[in-house]
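# Geometric and topological summary
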Amino acid sequence: MFLEIFVRSLIVLMFVSGSVVISYFSTRTLALLVPNPIISNLFLGTGTLILSAAVILGVSYFYVYHGFGAQADIVRKNPAVGNKVVLTFDDGPSKSFTPHILKILAEKKTPATFFMVGSQVEKYPKIARQVVDEGHEVGNHTFGHITVPHSPPPQLASQIMKTNLVIFQHTGKYPPYIRPPRGLYDMRLRRLAKIMGQELILWSLSSQDWHPRAQGNSIAKRLLDQVSPGDILLFHDSGSLLKTEGSNRQPTIEALPPLIDGLREKGFEIISLEEFLS
Ligand SMILES: [Zn+2]
């Protein structure tokens, strides 16, 4: 187990230091053209910092939205379904926000999938049950919102199995899907999903409702501008940057009615994940 953590840390370290070294040498060539040594050094320092941050973020973005190599087992988008999209909500259930979201979905007769955190299901079992009773689908989002690639094998397996169990106990439904927190997965999770009979579902369009300055109208407008056939849209009905809950999801609630109406006006149908995958 320690060897595996060591190897993983080494890979991350090599990736980060490699990005910094490449950025340093790329910036240095340009810095040599600046005649003033103080400005040249300043350019070298900030240039390296900005470029390496861009490389690291760019590679991470590519990994989450596209992955590396063939990944037929990971679902992000399905343009073959035509003008249809799926709504998904992560990190719940939440006492403060999930019931409001359910009310809007019921009023608008819109199906959705909720990727639940096991510890939140234990905390709010009635709301988890309500999600299923109102016809929505559920997925596994780990028990404690862990970072999958960093977790030791026994912990990873128990996080997935425990969450499947609590969701089944409290809702009567076995979750057919898994979505790893932050979209960070690895081969172990892919194998585990296969063994547990679950599909790995990511997303193709994020509402970015986690942003501290997110507002309902701007979330809906940006999504309506960017949406394309077969998108899986990502929202959050709970969660927080550092804990498993605590963030304000009011902007998510405010974004939903104009988004759902806007999607229908644009000719998009909002379908269940089950229909989307079939
Ligand atoms: Zn999450």
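Here the structure is a predicted model, which is why all the values come from computation and not from measurement.

### A word on the overall build of the chain
- Secondary structure summary: the chain contains 10 helices and nine strands in total.
- When the 278 residues of the chain are sorted by exposure, 36% land in the buried category.

### With respect to the packing of helix α8 (residues 216-226) against helix α9 (residues 250-265)
- Interhelical geometry of α8 versus α9 gives an angle of 35° and a closest axis separation of 7 Å. Seen along the crossing, α8 lies across α9 with a hand that is right-handed. Residues G216, N217, I219, A220, L223 and L224 of α8 pack against P251, E254, A255, P258, L259, G262 and L263 of α9.
- Of the residues contributing to the contact of α8 with α9, the split by class is nine nonpolar, three polar and one charged.

### Side note on the environment of G183
- Positionally, G183 belongs in the loop between β5 (177-178) and α7 (187-195).
- A sequence separation of 19 residues divides G183 from L202, and the C-alpha atoms of the two residues are 6.3 Å apart.

### Overview of unusual backbone geometry
- The step from G92 to P93 runs through a cis peptide bond, and the omega angle for that step is 0°.
- Phi angles above zero are rare outside glycine, and D91 is one such case at about 85°.
- Of note, D91 is situated in the loop between β2 (84-90) and α3 (98-107).
- Judged by C-beta crowding, with 26 C-beta atoms within 10 Å, D91 ranks as buried.
- In this model, H145 sits at a positive phi of 55°, which is unusual for a non-glycine residue.

### Remarks on the packing of helix α6 (residues 153-171) against α7
- Running from N to C, α6 and α7 point in directions that differ by 40°, and their axes come no closer than 11 Å. The pairing of α6 with α7 is recorded here as oblique in orientation. Handedness of the crossing formed by α6 with α7: right-handed. Judged by residue contacts, P153, L156, A157 and I160 of α6 engage R188, L189 and L192 from α7.

### Things to note about the nonpolar core
- One finds M116 and L233 to be the most contacted residues of the largest nonpolar core, which totals 53 residues.
- With six residues, α9 is the largest single contributor of residues to this core.
- The contacts of M116, once residues within four sequence positions are left out, are G92, P93, V121, A128, V138, H141 and I167.

### Topic: α6
- Under the 1.5 Å per step criterion, the end-to-end length of α6 is 27 Å for 19 residues, consistent within 8% with the ideal 27 Å.
- Three or more residues of α6 are buried, namely L156, Q159, I160, T163, V166, I167, H170 and T171. Seen end-on, α6 carries its buried residues on one side only, within an arc spanning 140°. Structural note: α6 exposes P153, P154, S158 and Q169 on the side pointing more than 90 degrees away from its buried face.
- Those residues of α6 that are buried lie in contact with β3 (113-116), α4 (118-123), α5 (125-133), β4 (137-140), β5 and α7.
- Positive backbone phi, at 80°, marks G172, one or two positions downstream of α6.

### A short note on the pairing of β3
- Residue alternation in β3 divides its side chains into two sets, T113 and F115 and F114 and M116, and both sets are buried.
- Of the strand pairs in this sheet, β2 and β3 are connected by three bridges, and their pairing is parallel. Counterpart to T88 in the pairing with β3 is T113.
- Each parallel crossover has a hand, and the one from β2 via α3 to β3 is right-handed.
- Pairing between β3 and β4: four bridges, direction parallel.

Cut-offs applied
Residues numbered from 1 in each chain as written. Predicted model: local features only at pLDDT ≥ 70, side-chain atom pairs only at ≥ 80, totals over all residues. Helix = DSSP H or I, 4+ residues; strand = E, 2+ residues; numbered from the N terminus. Buried ≥ 20, exposed ≤ 12 C-beta atoms within 10 Å, placed from the backbone. Axes fitted to C-alpha atoms, helices over the stretch in contact; angles between N-to-C directions. Left-handed = near helix turned anticlockwise from the far one by under 90°. Contact = placed C-beta atoms within 7 Å. Nonpolar A, V, L, I, M, F, W, Y, C, P; charged D, E, K, R; others polar. Parallel < 35°, antiparallel > 145°, perpendicular 65-115°, else oblique. Core = buried A, V, L, I, M, F, W, Y, C linked by C-beta atoms within 7 Å. Expected span 1.5 Å × (residues − 1). Arc of directions from axis to C-beta. Pairing = 2+ DSSP bridges. Right-handed = clockwise from strand over helix to strand, strands pointing away.

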